[in-house]
Amino acid sequence: MDATTSGSPSVQFHAIAEQPIAASCVTSSSATMFDRQVRHCCLDPTPGEFPLASYPSLVVHVLTSCNVDPQDLARLEATCSFFRQPAQFAPNYDLSISELAALDMCNKRAIFRPMTTEQRDDLKRKCGDSWKLVLKYLLAGEAYCRREKSQVLAGPGHSVAVTSKGAVYSFGCNSSGQLGHGAIGDGSTINEYRPRLIRSLEGIRIIQAAVGTRKTMLISDAGKVYAFGDELSGEDEYGAQGSKVVHSPQLVESLKGMFVVQVAIAELFTAVLSREGRVYTLSWGADARLGHETDSTDMEPHPLLGLLENIPVAQIAAGHCYLLALAFQPSGMSVYSVGCGQGGKLGHGTETDEEYPRLIKHLHTLNLKPVVISAGAWHAAVIGEDGRVCTWGWGYNGCLGHGNGDFVTLPKVVEGLNNVKAVHIATGHYTTFVISDTGDVYSFGSGVSWSLGHNNEADEQVNRQTNFLAPRLVTSLKQVNEEVVQISLTNSYGSAHTLVLTESGKLYAFGSCGKGQLGVKIRDNRVRRGKPERVDIDLNT
């Protein structure tokens, strides 16, 4: 197992000898440097130096430690010559202050640090020959999957939680070893009703996780992929025999040759994203709907062909039988889709299947600049840079939020969220959750298993399940008195549950609980819980 590189290193301070202040900068005793009447700031047309020009290493340190956004770095360059002149620092003396700060922030990332000079230069070229754009690409990948941060995943019957330091806990159904705790003496497994640490991963820092039906996959900070549970993807649909069950985390041999940064598990296939932005798929290639013709039990990664071969992808999201990809380009990001088009979930205005990735052009028609994508089982969603939310696909039980249950074949803005700036979105099996920039949570769609968070004690007494055709504020989460930063939904029907992560690392759960997937003790042998329950675990450790 690969060694950990736990924690982010301290910010590198460019220790160079500070240049003496030029004689022309020295003022007379009657007007000291600090008493100047004319300030030489970024937008001042009067010639003069930037106030901190004599301390460039301090400027780099401040920009880096404050995690200044790459767009703001670009604005600094555009408005002040100091930020666009060569900084004369190692490793590249020609880099500007802004470029150097962007490179330093890239170096904070576990997926970037191990890259060779050649690999870095290649990624920089693909992103538009700027370290600011490389940083923007890396940040785009982190926006959805919370890479290198605490995160929670709600699978069909089981749950996984990753701490901020990369430890992994799992709980719920363990019928196929999907919890990763190993088999007991007779080779059988038991369900876990409380979060349990996967001890075999000790010494390995996990930075991203994915869950599917009877399957879990984890990515380490070294880009290695570990999997446990059912080895085959989609054996139920294809009737494949002899699928292997893995009870403890094992390296995926076929992925050893690449540095993986994200995994998405669909019902019929698995997709992986490499550090360089290439998408690969495993299984479900027999009918060429993912661009390759292989046996359904083939677990070798096959590159996704077509338009995305030379465009780096920042995020991937997988539904039941289709895939979304958020492609990065210097001019902005775009969304592509591929796979089964039934119900219009590919977003092209038809129900036609797509063998190769196809650009969803209607997002550009809406003037929506995508930053986050999400793929439910049969419907899809995207958040724009301005916080607008678009949904499309099967609208069963109101999961699109448009006030009806119709299917929509083109992305459509959710009008019920017009006064909300969305920052995170999660889609499940006919359910959708949205988190606003204020931490408020909205949900809509199927109320099966009480997984929308709107049920009360009276509903539990009569077993009432209500669907919501339009976004509704989840008031039960207001009571936790903390900002919600992530929500994960089960992408399967009938036993849905929801996990909620707060800024402080607290975990709440509600919905179906018959197999222990909520991680809490439920009284009176109930099989579902409508109000958020606090799970006894701290993920900021």
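Note that this is a predicted model, so its numbers are computed, not measured.

Draft legend 1. Structural detail: the packing of aromatic side chains. Tallied over the full model, the rule gives 6 aromatic pairs. With centroids separated by 5.2 Å and ring planes inclined at 80°, the aromatic side chains of Phe82 and Phe83 adopt a geometry described as edge-to-face. Overall, the relative accessible area of 12% leaves Phe82 in the buried class. Note that Arg278 overlies the ring of Tyr280, its terminal NZ or CZ placed 5.9 Å from the centroid. We note Arg528 situated over the ring of Trp450; from NZ or CZ to the ring centre the distance is 5.5 Å.

Draft legend 2. Seen up close, the pairing of strand β21 (residues 422–427). The buried fraction of β21 is high, at 5 of 6 residues. Relative to strand β22 (residues 431–436), β21 is paired through 5 bridges, and the arrangement is antiparallel. Its bridge partner being in β22, Ala426 is matched across the sheet by Phe433. Taking the residues between adjacent antiparallel strands as the criterion, β21 and β22 are bridged by 3 residues, where Tyr430 takes a positive phi near 65°.

Draft legend 3. Expanded view of the environment of His379. Summarising the element assignment, His379 is placed in strand β18 (residues 379–384). Judged by relative accessible area, which is 0%, His379 ranks as buried. Remark: the alpha-carbon pair of His379 and Leu400, spanning 21 residues in sequence, is separated by 7.4 Å. In contact with His379, other than residues within four places in its own chain, are Tyr322, Trp392, Gly393, Trp394, Cys399, Leu400, Thr427, Gly428, Tyr430, Thr431 and Thr432.

Draft legend 4. Just the pairing of strand β3 (residues 168–172), in detail. Most of β3 sits inside the fold, with 4 of its 5 residues counted as buried. As paired strands, strand β2 (residues 158–162) and β3 are joined by 5 bridges and run antiparallel to one another. Following the sheet pairing, Ser159 is matched in β3 by Phe171. Count of turn residues in the β2/β3 antiparallel hairpin: 5 residues, of which Gly166 carries a positive phi of about 95°. When β3 meets strand β4 (residues 192–197), the two strands line up antiparallel, connected through 3 bridges. Bridged to Tyr169 within β4 is Leu197.

Draft legend 5. The pattern of salt bridges, seen in detail. Considering all chains together, one arrives at 16 salt bridges under this definition. Note that Glu99 is salt-bridged to Lys132, the shortest N-O span being 2.8 Å. Note that Glu99 is positioned in helix α4 (residues 97–106) and Lys132 in helix α6 (residues 131–145), a separation of 33 residues in sequence. In terms of burial, Glu99 and Lys132 fall into one category: buried.

Draft legend 6. Layout of the sheet that holds β3. Here 4 strands make up an open sheet; going across it, the order is β1-β2-β3-β4 and the pairing antiparallel. In the strand order of this sheet, the two ends are held by β1 (151–154) and β4, each with one partner. The sheet shows a mean angle of 15° between the axes of neighbouring strands, taken without regard to direction. In this structure, β1 lies alongside β2, joined through 4 bridges in antiparallel fashion. Each residue of the ladder has a partner; that of Gln151, found in β2, is Val162.

Calculation notes
- Residues numbered from 1 in each chain as written.
- Predicted model: local features only at pLDDT ≥ 70, side-chain atom pairs only at ≥ 80, totals over all residues.
- Heavy atoms only, no water.
- Phe/Tyr/Trp six-rings, centres within 6.5 Å; stacked < 30°, edge-to-face > 60°.
- Buried < 20%, exposed > 50% of the residue type's maximum accessible area, 1.4 Å probe, protein only.
- Lys NZ or Arg CZ within 6 Å of the ring centre and 35° of its normal.
- Helix = DSSP H or I, 4+ residues; strand = E, 2+ residues; numbered from the N terminus.
- Pairing = 2+ DSSP bridges.
- Contact = heavy atoms within 4.5 Å.
- Salt bridge = Lys/Arg side-chain N within 4 Å of Asp/Glu carboxyl O.
- Axes fitted to C-alpha atoms, helices over the stretch in contact; angles between N-to-C directions.

Everything listed here is a matter of coordinates, which is why it stays silent on function.
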